[in-house]
Each structure stands twice: as C-alpha cells, then as structure tokens.
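If you want the building blocks of each chain, they are given just below.
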Amino acid sequence: MKYVLRVFVVLVLAAGIVYGVFRYTNPEAFVNNNAEVLTTVSKPAATEKNSNRVLLASIEKEDLYLYKGSKGVLLKHGKNEVTFTNWSKFIDAEEPEMHWADFNGDGSKELLIKAVSEKKENGDFLYELYLLLPKTDSDGKEAYDVVYASRNTWSSILDNNIKEEMRQLKNCKKIIQFSMNSKSKGISYNKQTGIATSGYSGYARALQNDKGEYMTVDNWAKGDGIYSVSKDNIISINIDINVGYKNSDKTQNAGTIYFELFLNEDNNFQVTEKSMVFKPAEEYRVSDPNDTAKESWKYIENNSNTSATEENEQIQWIKYSTEYSPDVFTQTKDFTSDLSDINKVEKIKLTEKYIELTAKQGVSFDSGAKSKGEFSVVTGDKLDIAYTAEIDTSGKKEVLRITFDKAYPQSEIKKFTINYGTK
C-alpha cells in the first residue's frame, strides 16, 4: 500500500487549502451545512440556569465533568462552569469520549469531545468532534473557543479538493483499484494494464458470481465517515467505500478511505501529510499489482508415494499446505498423510505466474469445481492469489493450472495452501 505522494500534499498546502474543520467564527465555511451549529457559543453560566443536569462523561483526575442540562451542554472544570448551546441533541445517546491532550502543539492541553450526532435507522451512530481551546474572557473567567468537525466535514475535504476514481484492471478483473489525486492533477492510467500511473491508488478484490467469475464494477459510492481518536490522541476518519456490480444486486463494502487530522497554528484542522490511504476490508485484501516479479523462478514438489491408483479415479477435493526455502528448487514429500485427494497428484510445480498440479496416470480432475470457482492458492500472508483455472487433458496425464492475479516474486510465496473443490 503506497502513501499519498509528498508532492501532492505539498501542492495542496502551498495553495492554502484548509481541510474540513472550521471554527464557529467562520460562517462562510458552513454554507449548506449544519446552520444550527453555527450559533453555538460558549459562556459562563450559573448552575441554577442549567438545572436538571445529567452527567455524560468525565476525566476525574483533571476535574473535568460534562453534563447535559436544561439549557445545553455544561462543562465543569474545577469551580468554573461553561455552557454550550446548540450541540448535538443526541449527545446522550452514547457516553461521549473525552480526550485531554495537546492537540495544537502549543505545549498546553486541550479537551477534545467525540459525541453522537445522529442515530441511523439501523441503530448505528454518526459522530462529530468538539475541540475546546481554553481562553480567558473579558471578565477574567475561563471560556473556550470551539473547533468543530461535523458528521459531514469529511465530505467537503474529499469533494472539494480530491479527484477519486474506481476501476478494474484491464488485465485482471479480480482487482479493483481506488485512485485519488489533487483535482488539479487528475489521474492517468497505463493503457495496457489499466493501473494508475499518477496520484495514489489502493486495491481490493472484486466479488464473484455463482460461477466463480469476477463481476464487472457498475458503480461505487462513499458511505458514512466515522471519526476516531486513538490512545495516542491521533484524530482520524474512516469512510466506507461501497461497490455495486452489473447484473447483480450485491453491494460490497470493499474498504475505507483513511486519513488523519492535525490542528495547525491557525487552529484549523488539516489532513496529516502522507496519511491518506485506501484500506481494503480484510477479506478483500490483494497484493499490490505494481510489485511484480523481476525474474522467472520455479519450485517443484514431487509425491514420493508412486503407488498406482484405481482406474478412472477422480480428484474432487484438495487441501494441501507446504513451505520451502527459496534456495530449494526441487524436493520430494509423501502426500499420503493428507486426508484430501492430494495423494492422487504426482507433482506440484510453482512459478511466478501459476501453479500446476499433475495428476497420476488414469486420474482426472473434477471439472465442476473449476466451473464453480472452487479453487484458491493462499499465501502465508493469507492472500488468495488465484485468478483463473484450466484443466489440460491433451496429454497422458491431466494437469490443473491455476493462474495468479500477477507475477509474484518468490519471496511472497514461501508458504502456500492449495484448495480445489469441496469435501
């Protein structure tokens, strides 16, 4: 997975683009956004004017307590109390997160609050952030400036400044490619492979139909963006990427766009340099198609059990794992200890582009497993690198060839598992 190019980030920052989160004192930043929140202010408030308070969250060792009262959200810090109006009405739907750390690099700590902004029909929550910057008001009392990130702030970051495209590779429909770059730069592609040659790209595995064929991407959309604050007080966001396919009602949550935010010297949030990436969902991980083998190689494993098989036997199910040292080109193993049909195989040949299984004399491969897409080659990193499968019946012995989704360096396939058919 590659990071966003440094030159892209420098270009954006040099152009003076401010990402996403704005102070309440900048009303133009929230045109067509949450206008109600624009009126949010902080002011000292007497306890009796914000009665019926309910404790929402606290950091006891810092003497910080957050309440919901009749007049709004109240923050108690020592003897001082400050009320904030027009914060989320769903703030008590879940306990808000309170983080006390130096978020703007000025050497002193600020309070960051992550709270529920919306409850969806399926019961999931969306969130917003309130970063409270301490100050002293005209009466010499403690007050705060509020830096705010709404549930939609992330969309303005992407929609206004970044070009995004999703395509399948021309030479391998298995791989879908999510590409991003500055709108002023655009995205270019290799004409033969379809691999992006500019900006940043991340990759995921496409869905298959009932025949095991990789389907054609029809559309994609950004889902919800969820803010997170780590134990190290790193602010980040994950945005779902959902993919639809032609002639199918399946929708795939292929992964997320991830980036981190930092507070600059003007107390505005910006994207942290080199933090923006596309993260595929774990079950859809694939190897980067740009990292291909620079030279040919092969490894052969022979079955030491040469006993004859019964006439017209068939290989219906294989599950076989093995590993080898890169300096070993050929070795012999006894396949009889395995419970699957691997003992009906005479030889396994592994190369950078494919793996071949040669059946013993008189043994055939179940072609139904191939036509249903019931095959895989899984590496030690738990990546399924198989793309297509063919059975060669032209010779004296049948050969099953599983072709990979790219040419792999030998270092990536030191350990592998072959699966074919079902038990």
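Per the stated rule, a full pass over the model turns up 18 salt bridges. With a closest N to O distance of 3.4 Å, K68 and D92 form a salt bridge. Residue K68 is located in strand β4 (residues 64–69), and its partner D92 is located in the loop between β6 (80–84) and β7 (97–101); the two are separated by 24 residues in the primary sequence. You can call K68 partly exposed: its relative accessible area is 28%.

What follows covers the sheet that holds strand β12 (residues 172–182). Reading across from one edge, β11-β12-β13 is the order of the 3 strands in this open sheet, with antiparallel pairing throughout. Each edge of the sheet is formed by a strand with only one pairing partner; in this case those strands are β11 (162–169) and β13 (200–205). Pairwise comparison of adjacent strand axes, ignoring direction, gives a mean angle of 20° for this sheet. In this sheet, β13 lies alongside β12 in antiparallel orientation, the contact comprising 6 bridges. Paired with I176 across the bridge in β13 is A204. In the packing of helix α3 (residues 153–161) onto the sheet, contacts are made with β11 and β12, and the angle to β11 comes to roughly 80°.

It is worth spelling out the side chain of D341 at this point. Its location among the elements puts D341 in the loop between β22 (330–333) and β23 (345–351). A distance of 3.0 Å separates a polar side-chain atom of D341 from the backbone nitrogen of Q316. When residues no more than four places from it in sequence are discounted, the contact partners of D341 are Q314, I315, Q316, W317 and I318.

This part covers the side chain of N161. Within the element layout of this structure, N161 appears in helix α3. A distance of 3.3 Å separates the side chain of N161 from the backbone oxygen of I157, its partner in a polar contact.

Turning our attention to the confidence of the model for the protein. In the predicted model, the protein carries a mean pLDDT of 86, and the fraction of residues at 70 or more is 88%. Residue range residues 1–48 is modelled with pLDDT below 50. Its contacts to residues more than four positions away, or to other chains, number 102 contacts.

Pairing within the open sheet is mixed, and its 6 strands lie in the order β22-β19-β23-β24-β28-β27. The strands lining the two open edges of the sheet, one partner per strand, are β22 and β27 (386–392). Direction aside, the axes of adjacent strands within the sheet are offset by 15° on average.

Considering soluble globular proteins, one finds that nonpolar side chains tend to be buried as a cluster. In this structure, I176, I257 and F259 are the most contacted members of the largest nonpolar core, which totals 51 residues. In this structure, I257 is in contact with L158, E164, F178, M180, K222, I237, N238, I239, I241, M276, V277 and F278, ignoring residues within four places of it in sequence. Counting 32 residues, the second largest nonpolar core, distinct from the first, contains I342, V345, I385 and I418.

Per the counting criterion, the structure on display carries 11 aromatic pairs. Centre to centre, the rings of Y299 and Y324 are 4.0 Å apart; their planes meet at 5°, and the pair counts as stacked. Note that Y299 is positioned in strand β19 (residues 298–303) and Y324 in the loop between β21 (318–323) and β22, a separation of 25 residues in sequence. Take Y324: its relative accessible area is 8%, and that puts it in the buried class. Taken together, F84, W87, Y130, Y144 and Y148 form an aromatic cluster joined through their ring pairs. It is R53 that lies over the ring of Y67; its NZ or CZ is 5.1 Å from the centre. Over the aromatic face of Y258 sits the side chain of K279, whose NZ or CZ is 3.9 Å from the ring centroid.

Calculation notes
- Residues numbered from 1 in each chain as written.
- Predicted model: local features only at pLDDT ≥ 70, side-chain atom pairs only at ≥ 80, totals over all residues.
- Heavy atoms only, no water.
- Salt bridge = Lys/Arg side-chain N within 4 Å of Asp/Glu carboxyl O.
- Helix = DSSP H or I, 4+ residues; strand = E, 2+ residues; numbered from the N terminus.
- Buried < 20%, exposed > 50% of the residue type's maximum accessible area, 1.4 Å probe, protein only.
- Pairing = 2+ DSSP bridges.
- Axes fitted to C-alpha atoms, helices over the stretch in contact; angles between N-to-C directions.
- Contact = heavy atoms within 4.5 Å.
- Polar contact = N/O pair within 3.5 Å; in protein donor to acceptor, adjacent residues only side chain to side chain.
- pLDDT = per-residue confidence, 0-100.
- Core = buried A, V, L, I, M, F, W, Y, C linked by side-chain atoms within 4.5 Å.
- Phe/Tyr/Trp six-rings, centres within 6.5 Å; stacked < 30°, edge-to-face > 60°.
- Lys NZ or Arg CZ within 6 Å of the ring centre and 35° of its normal.

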